[in-house]
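What the coordinates show
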Amino acid sequence: MHDPHAGPAFSQHRQQPGGRQLESPYEPQLGSLPSSDRDEETVNKTGTTTIGIATEEGVVVATDRRASLGGRFVSNKSVQKVEQIHPTAALTLVGSVGGAQSFIRTLRAEVNLYEARRGQDMSMQALSTLAGNFARGGPFFAINPILGGIDETGSHVFSIDPAGGVMEDDYTVTGSGLTVAYGTLEDRYEPDMSIEEATEVAAVSIEAAAERDTGSGNGLCVAEVTEAGVDITTYDDYDI
């Protein structure tokens, strides 16, 4: 007799002649995330010291220019670790070079799409939220960038952690040299600094970090963000 609680016959598991059970094509299949077999020793990382400072005139985002392999070998001495991702915003590369570059390309594409659809620039609050969502849910490996930009509400600096946490502050530091850079930055920071003074403080702070942190060094890359746009300049040393 047919059991009415057993469901239709085609939904039951079928047996192959050899006795192996076949899954029904109408039932959901459970997958699994691929396991990572990435060799950490062969991943290019920016190591890095990155700084963001908000001022009344705009935002300064500065980094060193060194990339390392496995944290011990300098693989590149002229990396540009600051990229423009918005008409009035810049983002740093921190952590895995590949992950950071992919993150920037994805975020820049979404910003352009937003502006094309709505006919206006994305606010810094919306941009930081989008960046945090991507960091948390995307396939971006080991990133910890700084986002700096300006909009109608003023100047903004955000740090974005690998888990997607977004924190805004007047100034922030990320990367392997942050402990040294923070001490120098907090000693010299003034709330009423001009953008030129903020650039000088950022340069001195990164130079201090490069003296002790093996993942930082080889010059400076500075983005000055104002209402006019983003101006990115690289230096072979720390004298600006």
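Residues numbered from 1 in each chain as written. Predicted model: local features only at pLDDT ≥ 70, side-chain atom pairs only at ≥ 80, totals over all residues. Heavy atoms only, no water.

Turning our attention to the sheet that holds strand 12 (residues 166-168). Sheets are built from strands that pair by backbone hydrogen bonding, the pairs being arranged parallel or antiparallel. If you walk across this open sheet you meet the 5 strands as 8-9-10-11-12, and the pairing is antiparallel. Strands at the two margins of the open sheet, each flanked by one partner only, are strand 8 (82-86) and strand 12. Neighbour-to-neighbour, the strand axes of the sheet open up by a mean angle of 25°, direction not taken into account. Looking at chain direction, strand 9 (residues 89-92) and strand 10 (residues 146-151) are connected through 3 bridges and run antiparallel. Its bridge partner lying in strand 10, alanine 89 is registered against glycine 149. Sheet contacts for helix 1 (residues 97-118): strand 8 and strand 9; angle to strand 8, the most-contacted strand, approximately 25°. (Pairing = 2+ DSSP bridges. Helix = DSSP H or I, 4+ residues; strand = E, 2+ residues; numbered from the N terminus. Axes fitted to C-alpha atoms, helices over the stretch in contact; angles between N-to-C directions. Contact = heavy atoms within 4.5 Å.)

Turning our eyes to something else, we now look at the sheet that holds strand 5 (residues 59-63). Across the sheet, which stays open at both edges, the 5 strands sit in the order 13-4-5-14-15 with antiparallel pairing between neighbours. The open sheet has two edge strands, strand 13 (171-175) and strand 15 (229-235), and neither has a second partner. Going from strand to strand, the sheet's axes swing by 15° on average, the running direction of each strand aside. Both strand 4 (residues 49-54) and strand 5 contribute to a ladder of 5 bridges, which runs antiparallel. By the bridge assignment for strand 5, isoleucine 53 is matched with valine 60.

It is worth spelling out the nonpolar core at this point. If you look at the biggest cluster of nonpolar residues, it comprises 21 residues, and the most contacted ones within it are Ile85, Leu91, Phe103, Leu107, Leu127 and Leu147. Listing elements by their share of this core, those giving two or more residues are strand 9, helix 1, helix 2 (124-137) and strand 11 (154-160). Excluding its chain neighbours within four sequence positions, the residues that come into contact with isoleucine 85 are Ala90, Leu91, Ile104, Leu107, Arg108, Val111, Leu127 and Leu147. Ranked by size, the runner-up nonpolar core spans 20 residues in total, among them Ile195, Val201, Ala202 and Ile206. (Core = buried A, V, L, I, M, F, W, Y, C linked by side-chain atoms within 4.5 Å. Buried < 20%, exposed > 50% of the residue type's maximum accessible area, 1.4 Å probe, protein only.)

What follows deals with helix 2. Given a rise of 1.5 Å per residue, 14 residues ought to cover 20 Å, and the 20 Å separating the end C-alpha atoms of helix 2 matches this to within 8%. Regarding helix 2, the residues found buried are Met124, Leu127, Ser128, Leu130, Ala131, Gly132, Phe134 and Ala135. Those residues of helix 2 that are buried are in contact with strand 8, strand 9, helix 1, strand 10, strand 11 and strand 12. (Expected span 1.5 Å × (residues − 1).)

The next point concerns the side chain of lysine 81. By the element assignment, lysine 81 lies in the loop between strand 7 (73-76) and strand 8. Lysine 81 sits in the buried class, given a relative accessible area of 0%. Polar contacts involving the side chain of lysine 81 include one to the main-chain carbonyl oxygen of arginine 66, which spans 2.5 Å. (Polar contact = N/O pair within 3.5 Å; in protein donor to acceptor, adjacent residues only side chain to side chain.)

What follows covers the UniProt feature "active site" (unreviewed entry) in the protein chain. Mapped onto the present numbering, the UniProt feature "active site" (unreviewed entry) falls on Thr48. Take threonine 48: it is sitting in the loop between strand 3 (44-45) and strand 4. Discounting residues that sit within four places of it in the chain, threonine 48 has contacts with Asp64, Arg66, Lys81, Leu93, Val94, Thr174, Gly175, Ser176, Gly177, Asp213, Gly215 and Ser216. Of note is the side chain of threonine 48, whose polar atom sits 3.5 Å from the side chain of aspartate 64. (UniProt positions renumbered as here; feature names shortened; annotations may be inferred.)

Before going further, it helps to spend a moment on the pattern of salt bridges. The final tally for this structure, using the stated rule, is 3 salt bridges. Taking the shortest distance from any N to any O, the salt bridge between lysine 81 and aspartate 64 comes out at 3.0 Å. Here lysine 81 is found in the loop between strand 7 and strand 8, whereas its partner aspartate 64 is found in the loop between strand 5 and strand 6 (67-69), with 17 residues between them in sequence. Neither residue differs from the other here; lysine 81 and aspartate 64 are each classed as buried. The partner of arginine 108 in a salt bridge is glutamate 83, with the nearest N and O atoms 3.5 Å apart. Taken together, the residues span a long stretch of sequence, with arginine 108 in helix 1 and glutamate 83 in strand 8 at a distance of 25 residues. The class for glutamate 83 is partly exposed, based on a relative accessible area of 26%. (Salt bridge = Lys/Arg side-chain N within 4 Å of Asp/Glu carboxyl O.)

Contact geometry for helix 1 and helix 2: axes closest at 11 Å, N-to-C directions at 135°. With respect to helix 2, the axis of helix 1 lies oblique. The two elements helix 1 and helix 2 cross, and the hand of that crossing is right-handed. Along the contact surface, helix 1 presents Phe103, Thr106, Leu107, Glu110 and Val111, while helix 2 presents Leu127, Leu130, Ala131, Phe134 and Ala135. (Parallel < 35°, antiparallel > 145°, perpendicular 65-115°, else oblique. Left-handed = near helix turned anticlockwise from the far one by under 90°.)

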